[in-house]
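# Secondary and tertiary structure notes
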Amino acid sequence: MTITNKKRVTLNDIAKLCGLSTTTVSMILNNRGEEFKIKAETCQRVKAIAEEQGYRANVYAKSLKMQRSNVIGLVIPDLTNYGFAYTAKILEKQCRENSLQLIIACSDDNPQQEKLAIERLLDRQIDFLITSPTHQDPTYYKKISQQIPILQLDRYVPNLALNYVISNDREKIATLIPHLASKYQLTEFIYFGGQRTLSPSESRLAGFLQGLEQANIAIQNDWILHRTYQPESGYQMLAETEAKLGRLPQAIFTASYTLLEGVLRYLTEHQKMDLLLNRQLHLATFDDHDILNALPFHIHSIKQNHHQIAQHIFSHIKRYFEGKKSHNEKIECDIIYRH
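All values derive from a computational prediction rather than experimental measurement.

### A closer look at the pattern of salt bridges
This model, assessed by the stated rule, comprises 17 salt bridges. For Lys-93, the salt bridge goes to Glu-97, with nearest N and O atoms at 2.5 Å. Of this pair, Lys-93 and Glu-97 both sit in helix α5 (residues 82-97), four residues apart, roughly one helical turn. In this structure, Glu-202 and Arg-196 form a salt bridge, with 3.3 Å as the shortest nitrogen-oxygen distance. The network of salt bridges with shared partners includes Asp-109, Asp-154, Arg-155, Asp-169 and Arg-204.

Below, the structure written as structure tokens:
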């Protein structure tokens, strides 16, 4: 007897093929044959038939019985964002090496898409949820936290009693800005940021303004621009800035590496990269990429420690499974000066 159709092979199907009860087959496939004194030949025959038929255990039924799926959900804003992608890569390896599965979803920095991604992960019976909030309204997250533990990554929602792991961005930006202003004798410094209401936008802008104050540079209203953290926003903000000034500014700080990508694309398409080469335009960015070390011009950066971020996230997961409490964490960054 063989199973020829393409329906999912069940435990009952294997039991019929073996001429055994489903209970006996279940014991064998859960490696409990010796415990229940089932003959070794029988165990080998059942496992061979199960492999031949492509049988896979129903993880949902198993997780329901065990009240644990060993699956972790991660929702990040952008799968192409180097920082989030690198953190996810490290975290996935840590989960895999500890018999956990990490499922990664993307919100596209859209609240509705984030909600949909979370709902689908909950449908998969995940044990723990990590998300980068796309908005500041705590209502939805409070509701979800009643069903499953949530950890906030990179961002946090005010007035929400949920743990987070973020980078200590404000302090490093406040150190970088006056250093560059002094070195290049700047009297003008433009800021390009993402969604204004997000917590990293608040802290990174605060660090920028603090740095200008330390450099004794009087801030102008049109120096601060916000859109999204997508590359296209960096492109558009530079186009807007040049149109207002009638020229390119002396210096630009981008609040994310993705915004820097858009700035570089604008300069390339408008044949103005020579301003970087001649140091008539100075760029600095939050987050880093190895490619910045290979460019013929200098872009200063603040490098997040993605290894530590991933390790601290995994520590939160472990503490949850151990029934231990966690706390909020700020991970230190490094300033990379390229002179």
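### Points about the side chain of Thr-42
Take Thr-42: it is sitting in helix α3 (residues 40-52). Leave out the neighbours within four places in its chain, and Thr-42 touches Leu-20 and Ile-28.

### Concerning the nonpolar core
Judged by nonpolar contacts, the single largest core of 45 residues is most densely connected at Phe-189, Phe-253, Leu-267 and Leu-283. Non-local contacts of Phe-189, meaning those with residues more than four positions away in its chain, are made with Ile-177, Leu-180, Phe-208, Leu-212, Trp-223, Ala-251, Ile-252 and Phe-253. In terms of nonpolar packing, the next biggest core, distinct from the first, is built from 21 residues, Ile-90, Leu-102, Ile-130 and Phe-314 among them.

### Quick word on the sheet that holds strand β4 (residues 150-153)
Backbone-to-backbone hydrogen bonds pair the strands of a sheet. The strands run either parallel or antiparallel. Strand order in the open sheet made by the six strands is β2-β1-β3-β4-β5-β11, with parallel pairing throughout. Every interior strand has two partners, whereas the edge strands, β2 (101-106) and β11 (329-331), have only one. Going from strand to strand, the sheet's axes swing by 20 degrees on average, the running direction of each strand aside. Two strands pair when backbone bridges link them, and strand β1 (residues 71-76) and β2 are joined in this way by six bridges, in the parallel orientation. Looking at β2, one finds that Ile-76 is bridged to Cys-106.

### Here we look at the domain arrangement of the protein
Each domain of the protein was delimited in the assignment, giving domain 1 (11-57) and domain 2 (169-304). Domain 1 and domain 2 are separated by 63 Å when their C-alpha centres are compared.

### Comments concerning the sheet that holds strand β12 (residues 334-336)
One open sheet accounts for six strands, arranged β7-β6-β8-β9-β10-β12; its pairing is mixed. Among the strands making up the open sheet, the edge pair consists of β7 (224-226) and β12. Ignoring which end each strand starts from, the neighbouring axes of this sheet average 15 degrees apart. The sheet contact formed by strand β8 (residues 251-254) and strand β9 (residues 282-286) spans four bridges and is parallel. By the bridge assignment, Phe-253 is partnered in β9 with Ala-284. This element, helix α10 (residues 231-245), spans β6 (190-193), β7 and β8 of the sheet and lies at about 150 degrees to β6.

### Description of the packing of aromatic side chains
Here the structure, examined in full by the defined rule, presents ten aromatic pairs. Both rings, one in Phe-128 and one in Tyr-320, keep their centres 5.7 Å apart while their planes meet at 55 degrees; by these two values the pair is tilted. Of the two residues, Phe-128 sits in strand β3 (residues 128-131) while Tyr-320 sits in helix α13 (residues 306-321), which places them 192 residues apart along the sequence. Among the residues examined, Tyr-320 registers a relative accessible area of 37% and is labelled partly exposed. A centroid spacing of 4.6 Å and a plane angle of 20 degrees characterise the contact between Tyr-156 and Tyr-164, whose relative ring orientation is stacked. Judged by its relative accessible area of 30%, Tyr-156 is partly exposed. Taken together, Phe-189, Tyr-191, Phe-208 and Phe-253 form an aromatic cluster joined through their ring pairs.

### A closer look at the environment of Gln-185
Along the chain, Gln-185 falls in the loop between α8 (169-183) and β6. When the C-alpha atoms of Gln-185 and Ala-206 are compared, they prove to be 22 Å apart, with 21 residues separating the residues in sequence. The contacts of Gln-185, once residues within four sequence positions are left out, are Leu-180 and Gln-250. Among the polar contacts made by the side chain of Gln-185, one reaches the main-chain carbonyl oxygen of Ser-182 at a distance of 2.7 Å.

### Quick look at the packing of α10 against helix α11 (residues 257-269)
Interhelical geometry of α10 versus α11 gives an angle of 55 degrees and a closest axis separation of 6 Å. Taken together, the axes of α10 and α11 are oblique relative to one another. Note on packing geometry: the crossing formed by α10 with α11 is right-handed. Two secondary-structure elements touch here, α10 through Pro-231, Glu-232, Ser-233, Gly-234, Tyr-235, Met-237, Leu-238, Ala-239 and Glu-242 and α11 through Thr-258, Leu-259, Glu-261, Gly-262, Val-263, Arg-265, Tyr-266, Leu-267 and Glu-269. Looking at the contact of α10 with α11 residue by residue, the class counts come to nine nonpolar, four polar and five charged.

Conventions we followed
Residues numbered from 1 in each chain as written. Predicted model: local features only at pLDDT ≥ 70, side-chain atom pairs only at ≥ 80, totals over all residues. Heavy atoms only, no water. Salt bridge = Lys/Arg side-chain N within 4 Å of Asp/Glu carboxyl O. Helix = DSSP H or I, 4+ residues; strand = E, 2+ residues; numbered from the N terminus. Contact = heavy atoms within 4.5 Å. Core = buried A, V, L, I, M, F, W, Y, C linked by side-chain atoms within 4.5 Å. Buried < 20%, exposed > 50% of the residue type's maximum accessible area, 1.4 Å probe, protein only. Pairing = 2+ DSSP bridges. Axes fitted to C-alpha atoms, helices over the stretch in contact; angles between N-to-C directions. Domains from an automatic or database assignment. Phe/Tyr/Trp six-rings, centres within 6.5 Å; stacked < 30°, edge-to-face > 60°. Polar contact = N/O pair within 3.5 Å; in protein donor to acceptor, adjacent residues only side chain to side chain. Parallel < 35°, antiparallel > 145°, perpendicular 65-115°, else oblique. Left-handed = near helix turned anticlockwise from the far one by under 90°. Nonpolar A, V, L, I, M, F, W, Y, C, P; charged D, E, K, R; others polar.

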